[in-house]
Amino acid sequence: MRIAQIAPLAEAVPPRLYGGTERIVSYLTEQLVREGHEVTLFASGDSRTAAELVPGWPRALRLDPAVRDPIPYALMSLDDVRRRAHEFDVLHFHIDMLHFPLFRDMAARTVTTLHGRLDLPDLPPFYDRFPEFPLVSISDDQRRPLPQANWLGTVYHGLPVDLLRPGAGQGGYLAFLGRISPEKRPDLAIEIAQRAGLPIRVSAKVDNVDREYFEAQIKPLLRLPGVEFIGEIGEAQKSDFLGNAFALLFPIDWPEPFGLVMIEAMACGTPVIAFRRGSVPEVLEDGLTGYIVDGVAEAVRAIGRLHWLDRVAIRRRFEQRFSAARMARDYVALYESLASQRIRGRRVA
């Protein structure tokens, strides 16, 4: 198939450090190329891919100090997509909703994966305005606020099976990996570790929007005994960071649409202790790949049961459920279903 992948311009594909959506776009694009599809990636110019790259801007917008407003650059990139749209069998967007007014006349050839939260009051009227666009969720729970939307399917994220190495968990610490923000609750991760009497290593990005929260709420906690703040890490450091941890703590306080870090931990054979929010019950298998808990006290007790879990079995479940190859197959099936619907529609017409 001839496939266009349209990524956000905020980060490179793949990102140098933090960046969930761009990371998934990269894994999907490279797997589709490996499977013989003709793929064109619309992304920032510093992206790295085996597909044809169409740069929307020379570098990731987050790393360009001259960029103040990302919208003009996103619209220029969409103009590139629009001018070349006739070349593709399917246009796969990963930029939420920005393209809807521009591509309404060809909505039947588009797939839009929604990567973010949908429980926001301004979203229902927008998606009601554009019901012709086929949408893909990254968990079934993500759909809950918009049951009336035009859902084509749910496709769980996947990683290349050789991306991260399994580890033995011999580092003697708990891990927190992701972003410093109120909904991710790094404060609760630190509290869980303190109450369990174990050290914790915090590897996280601090966005400007969360800088005040970090300075006021989290920075004082980093001075507690046994707490080590590492900052952002890249892909090359994740195997050691996650593989040497007893467990990954994921005490989220929001409806997480997926939680990529959970399957990154599983790829390293590392169990996850996560709060029962959003997609967690879909991604984790309680008692097999980790423990799903309902608060700090239960998380502390779950740490005492980590020795019951088999790290080899955790890695095996990652390979079975969350590989990039499985993700690509699921998306190709959706692309083909759209093509079949168009053919049936033309016959009826």
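Note that this is a predicted model, so its numbers are computed, not measured. (Residues numbered from 1 in each chain as written. Predicted model: local features only at pLDDT ≥ 70, side-chain atom pairs only at ≥ 80, totals over all residues. Heavy atoms only, no water.)

What the protein chain contains, in helices and strands, is 11 helices and 13 strands. Expected size for 349 residues packed as a compact globule is a radius of gyration near 20 Å; at 21 Å, the protein chain falls within 12% of this value. In terms of its C-alpha atoms, the protein chain occupies a principal-axis envelope of roughly 65 × 45 × 40 Å. Each of the 349 residues in the protein chain was classed as buried or not, and the buried ones make up 56%. A fraction of 66% describes how many contacts in the protein chain between residues 6 or more apart in sequence connect residues 24 or more apart. (Helix = DSSP H or I, 4+ residues; strand = E, 2+ residues; numbered from the N terminus. Rg over C-alpha atoms; globule rule 2.2 N^0.38 Å. Buried < 20%, exposed > 50% of the residue type's maximum accessible area, 1.4 Å probe, protein only. Contact = heavy atoms within 4.5 Å.)

The next subject is unusual backbone geometry. Across the junction of Val-13 and Pro-14, the peptide omega takes the value -5 degrees, indicating a cis bond. Mapped onto the secondary structure, Pro-14 falls in the loop between β1 (2–6) and α1 (20–34). Even without glycine at this site, Asp-96 takes up a positive phi of about 65 degrees. Here Asp-96 lies in the loop between β4 (90–93) and β5 (110–113).

Looking at the secondary structure, you find Thr-112 in strand β5. Taking the relative accessible area as the measure of exposure, Thr-112 reaches 0% and is therefore buried. Once residues within four sequence positions are removed from consideration, Thr-112 is found in contact with Phe-93, Asp-96, His-99, Phe-100, Pro-134, Leu-135 and Val-136.

Now for the packing of aromatic side chains. All told, the structure shown has 16 aromatic pairs when counted by the stated rule. Geometrically, the ring pair formed by Phe-126 and Tyr-127 is edge-to-face, given 5.7 Å between the ring centres and 85 degrees between the ring planes. Judged by its relative accessible area of 22%, Phe-126 is partly exposed. A ring pair is formed by Phe-130 and Phe-133, whose centres lie 6.3 Å apart and whose planes are at 70 degrees; its orientation type is edge-to-face. Residue Phe-130 is classed as buried on the basis of its relative accessible area, which comes to 9%. You can call Phe-133 buried: its relative accessible area is 0%. Put simply, the rings of Phe-100, Phe-126, Tyr-127, Phe-130 and Phe-133 pair up and form one aromatic cluster. The lysine or arginine in question, Arg-82, covers the ring of Phe-103, its NZ or CZ lying 5.8 Å from the ring centre. The cationic tip of Arg-201 hangs over the ring face of Tyr-173; the distance from NZ or CZ to the ring centre is 4.1 Å. (Phe/Tyr/Trp six-rings, centres within 6.5 Å; stacked < 30°, edge-to-face > 60°. Lys NZ or Arg CZ within 6 Å of the ring centre and 35° of its normal.)

One open sheet holds the 6 strands; their spatial order is β10-β9-β8-β11-β12-β13, and the pairing between them is parallel. The open sheet has two edge strands with one neighbour each: β10 (227–229) and β13 (290–293). With direction set aside, neighbouring strand axes in the sheet form an average angle of 20 degrees. Bridge analysis of strand β8 (residues 173–179) against strand β9 (residues 200–205) gives 6 bridges, and the strand direction is parallel. If you follow Phe-176 over to β9, its bridge partner there is Val-202. This element, helix α4 (residues 186–196), spans β8, β9, β10, β11 (245–250) and β12 (272–275) of the sheet and lies at about 170 degrees to β9. (Pairing = 2+ DSSP bridges. Axes fitted to C-alpha atoms, helices over the stretch in contact; angles between N-to-C directions.)

Take the pattern of salt bridges next. A complete count under the given rule lists 33 salt bridges for this structure. Two residues, Lys-205 and Glu-11, come together in a salt bridge whose shortest N-O distance is 3.8 Å. Placement of Lys-205 in strand β9 and of Glu-11 in the loop between β1 and α1 is noted, with a sequence separation of 194 residues between them. Given a relative accessible area of 7%, Lys-205 falls into the buried group. Glu-285 serves as the salt-bridge partner of Arg-321, at 3.8 Å between the closest nitrogen and oxygen. With Arg-321 in helix α10 (residues 311–321) and Glu-285 in the loop between α8 (280–283) and β13, this pair connects stretches of sequence that are 36 residues apart. Exposure remark for Glu-285: the relative accessible area of 21% places this residue in the partly exposed category. (Salt bridge = Lys/Arg side-chain N within 4 Å of Asp/Glu carboxyl O.)

So, on to helix α5 (residues 211–218). Of all the positions in α5, only Tyr-213, Phe-214 and Ile-218 are classed as buried. The arc that holds every buried residue of α5, seen down its axis, measures 100 degrees, which confines them to one face. Against α4 and β10 lie the buried residues of α5. (Arc of directions from axis to C-beta.)

The subject of this paragraph is a nonpolar patch on the surface. The grouping of Ile-71, Leu-75, Leu-98 and Leu-102 at the surface amounts to a nonpolar patch, some 300 Å² of accessible area in total. Turning to its location among the elements, Ile-71 is positioned in helix α2 (residues 71–84). A residue is classified by how much of its surface remains accessible, and Ile-71, at 41% relative accessible area, is partly exposed. (Patch = residues over 30% accessible without salt bridge, like charges linked within 9 Å, V, L, I, M, F, W, Y side chains within 5 Å. Areas by Shrake-Rupley, 256 points an atom, 1.4 Å probe, with all protein chains shown as cover.)

Functional significance is not addressed by these values, which are geometric in nature.
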